Amino acid sequence: MNDFKNLIKKNIADVTAYPPGKPIEELQRELGIKKIIKLASNENPLGPSPKLITAIKDGLSNLNRYPDGNCFYLKKKLAQRLGFSQSQIIVGNGSDEIITFALRAFVGEKDEVIVAHPSFLIYEIAAKICGANIVRVPLNNFCYDLKKMKEAITEQTKIIFIANPDNPTGSYVNKEEVDEFLQGLPDSLIVYFDEAYFEYTQGLSDFPDTLAYLKDKNVIVTRSFSKAYGLAGLRLGYGVSRPEIIDYINKIREPFNVNSLAQLAGTAALDDQDYLVHVQEIIFEGKKYLYDNFDRLGLRYIRSATNFILVDLNRSATEVYGELLKLGIIVRDMKAWQLDNFIRVTVGTMEENKIFVEALKKVVSH
Ligand SMILES: *Cc1c(COP(=O)(O)O)cnc(C)c1O
């Protein structure tokens with residue numbers, strides 16, 4: 001056992017592994033009940049569109065073959081949609097994988113990575129594994145403080161992560177803030193815009209078109225099929241950047257990182273805009289319902305540009321989380337983000353939202 005200590009890398013030993021939302025099956029086992037409502041991981045409550053299921057079924061008989069390591073058809077469709085060439089696109093086993101690619105490609109021991117705090121935990125975890133020094137810039141009133149993040153830049157800075165919209169707050173930085181932030185920024189670093197919730201920002205007229213910055217900045221923009229497109233279980237995300245950056249990152253990508261079913265489903269998803277519009281409507285309506293009920297309960301919340309809401313319970317969130325679990329409802333306890341009085345709740349179907357609200361009323365009224 002002592003020999004094992006010699007194998008340990010200190011930066012990895014210091015990492016706290018990512019705490020995922022509790023899986024439905026786990027709570028089913030614990031409570032011995034079937035009906036569980038999970039509003040914990042910002043998943044799409046409606047399930048994948050039937051068209052995707054057909055696309056996946058069509059791919060089943062080819063599972064003896066390796067997937068296309070270049071994701072040709074998916075990239076082609078993305079390139080058309082986004083107005084970029086395929087050489088500017090990288091596809092990942094979830095967009096999380098592209099976060100780790102960027103870090104592994106550009107960040108070494110003692111380099112600095114700037115993150116907001118609290119924000120998406122994967123940035124810090126993956127950066128620590130690369131041996132980076134993490135520079136945390138506190139949120140200002142639950143929003144990214146891009147001015148302070150810019151001031152934090154040094155010659156050692158390699159990547160700045162901007163979750164836009166942010167998770168867990170749901171807030172976003174607007175075009176004006178981003179324009180100002182990028183003005184005069186050195187070329188010696190990468191600005192990484194994580195747009196996992198991009199599809200929910202429709203209708204925000206001041207949301208930045210970050211792809212437009214690729215022309216003259218070292219910018220990486222990633223998006224996900226896990227959230228609005230309802231494909232979290234298949235793992236699929238993509239990134240867009242300058243061809244040199246994509247080329248360089250491709251050197252460290254495993255040759256078959258994206259499975260063939262995910263490629264088929266992603267390609268079909270991009271053709272199924274009706275589904276996306278339907279999802280957006282359900283989420284928008286559900287979000288309004290939840291806001292109204294939080295207002296009635298006198299609970300403060302952060303207005304969200306996503307499909308989840310950060311709620312201040314004004315008491316230990318861990319207790320409320322535990323009480324809700326007993327009622328078969330999984331939300332997210334925000335303790336791991338040092339937001340001890342907060343839960344994050346994902347907008348569900350209207351039926352799920354109603355059950356959640358009734359349960360929350362019960363729990364917070366005693
Ligand atoms: C969910 C989420 C992701 C990860 O998405 P995958 O594509 O499933 O890996 C990335 N960033 C943020 C901010 C998220 O909330």
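Model, not experiment: these values are computed from the prediction.

Peer 1: Explain the environment of Asn-174 residue by residue, including any values.
Peer 2: Summarising the element assignment, Asn-174 is placed in the loop between β5 (157–163) and α9 (175–182). In sequence terms Asn-174 and Val-115 are 59 residues apart; their C-alpha atoms lie 18 Å from each other. For Asn-174, the residues in contact, after removing those within four places along its chain, are Asp-206 and Pro-208.

Peer 1: Got a sec to walk through the site of the ligand? Specific residues and values, please.
Peer 2: Taken together, Gly-94, Ser-95, Asp-96, Phe-120, Asn-167, Asp-194, Ala-196, Tyr-197, Ser-224, Ser-226, Lys-227 and Arg-235 are the residues near the ligand. Measuring from an oxygen atom of the ligand, one finds a side-chain N or O atom of Asn-167 at 2.7 Å. Within the contact set of the ligand, an oxygen atom lies 2.6 Å away from a side-chain nitrogen or oxygen of Ser-224. Protein chains bury 94% of the 380 Å² of accessible surface belonging to the ligand in isolation.

Peer 1: Account for the packing of aromatic side chains, with residues named and values stated.
Peer 2: Taken as a whole and judged by the stated rule, the model has 17 aromatic pairs. Lying across the ring of Phe-198, Arg-223 places its NZ or CZ 3.5 Å from the centre.

Peer 1: I'd like to hear about the pattern of salt bridges, residue by residue, with values.
Peer 2: Evaluation of the coordinates by the stated rule reveals 19 salt bridges. With a shortest N-O distance of 3.1 Å, Glu-43 and Lys-38 are connected by a salt bridge. Classification of Glu-43 as partly exposed rests on a relative accessible area of 29%. Overlapping salt bridges bring together Lys-22, Glu-26 and Glu-30 as one network.

Peer 1: Explain the pairing of β5 residue by residue, including any values.
Peer 2: Side-chain direction in a regular strand flips from residue to residue, so the side chains alternate between the two faces of the sheet. By the criterion of burial, β5 is predominantly enclosed, with 6 of the 7 residues buried. In this sheet, β5 lies alongside strand β3 (residues 112–117) in parallel orientation, the contact comprising 3 bridges. In the strand pairing of β5, Ile-114 is matched with Ile-160. Two elements, β5 and strand β6 (residues 190–194), share 5 bridges in a ladder whose sense is parallel. Directly across from Ala-163, in β6, lies its bridge partner Asp-194. The handedness of the β5 to β6 crossover, carried by α9, is right-handed.

Peer 1: Please set out the sheet that holds strand β4 (residues 133–138) residue by residue, giving values where relevant.
Peer 2: Taken together, 7 strands build an open sheet; the order of strands is β2-β8-β7-β6-β5-β3-β4 and the sheet is mixed. Taken across any chain shown, the strands that pair with only one partner, and hence form the sheet edges, are β2 (89–92) and β4. With direction set aside, neighbouring strand axes in the sheet form an average angle of 20°. Here 4 bridges tie strand β7 (residues 219–224) to strand β8 (residues 237–240), and the two strands are oriented antiparallel to one another. Note on β8: the bridge partner recorded for Ser-224 is Gly-237. The strands touched by helix α10 (residues 243–250) within the sheet are β2, β6, β7 and β8, with β2 carrying the most contacts at an inclination of about 35°.

Peer 1: So what's going on with unusual backbone geometry? Residues and values would help.
Peer 2: Omega for the peptide link from His-117 to Pro-118 comes to -5°, which places this bond in the cis form. For Pro-118, the location among the structural elements is in the loop between β3 and α7 (121–129). Here Asn-164 and Pro-165 are connected by a cis peptide whose omega angle stands at -5°. Relative to the helices and strands, Pro-165 is located in the loop between β5 and α9. In the Ramachandran plot, Asn-42 falls in the positive-phi region, its phi being about 60° despite a non-glycine side chain. For Asn-42, the location among the structural elements is in the loop between β1 (37–38) and α4 (50–60). With a relative accessible area of 1%, Asn-42 lands in the buried category. Of note in the backbone geometry, Gln-338 takes a positive phi value of approximately 60° without being a glycine. Following the sequence through the fold, Gln-338 ends up in the loop between β12 (332–333) and β13 (342–346). Using a relative accessible area of 51% as the deciding quantity, one classes Gln-338 as exposed.

Definitions and limits used
Residues numbered from 1 in each chain as written. Predicted model: local features only at pLDDT ≥ 70, side-chain atom pairs only at ≥ 80, totals over all residues. Heavy atoms only, no water. Helix = DSSP H or I, 4+ residues; strand = E, 2+ residues; numbered from the N terminus. Contact = heavy atoms within 4.5 Å. Near = heavy atom within 4 Å. Polar contact = N/O pair within 3.5 Å; in protein donor to acceptor, adjacent residues only side chain to side chain. Areas by Shrake-Rupley, 256 points an atom, 1.4 Å probe, with all protein chains shown as cover. Phe/Tyr/Trp six-rings, centres within 6.5 Å; stacked < 30°, edge-to-face > 60°. Lys NZ or Arg CZ within 6 Å of the ring centre and 35° of its normal. Salt bridge = Lys/Arg side-chain N within 4 Å of Asp/Glu carboxyl O. Buried < 20%, exposed > 50% of the residue type's maximum accessible area, 1.4 Å probe, protein only. Pairing = 2+ DSSP bridges. Right-handed = clockwise from strand over helix to strand, strands pointing away. Axes fitted to C-alpha atoms, helices over the stretch in contact; angles between N-to-C directions.

From the geometry alone we can't say anything about function, so treat these as descriptive.
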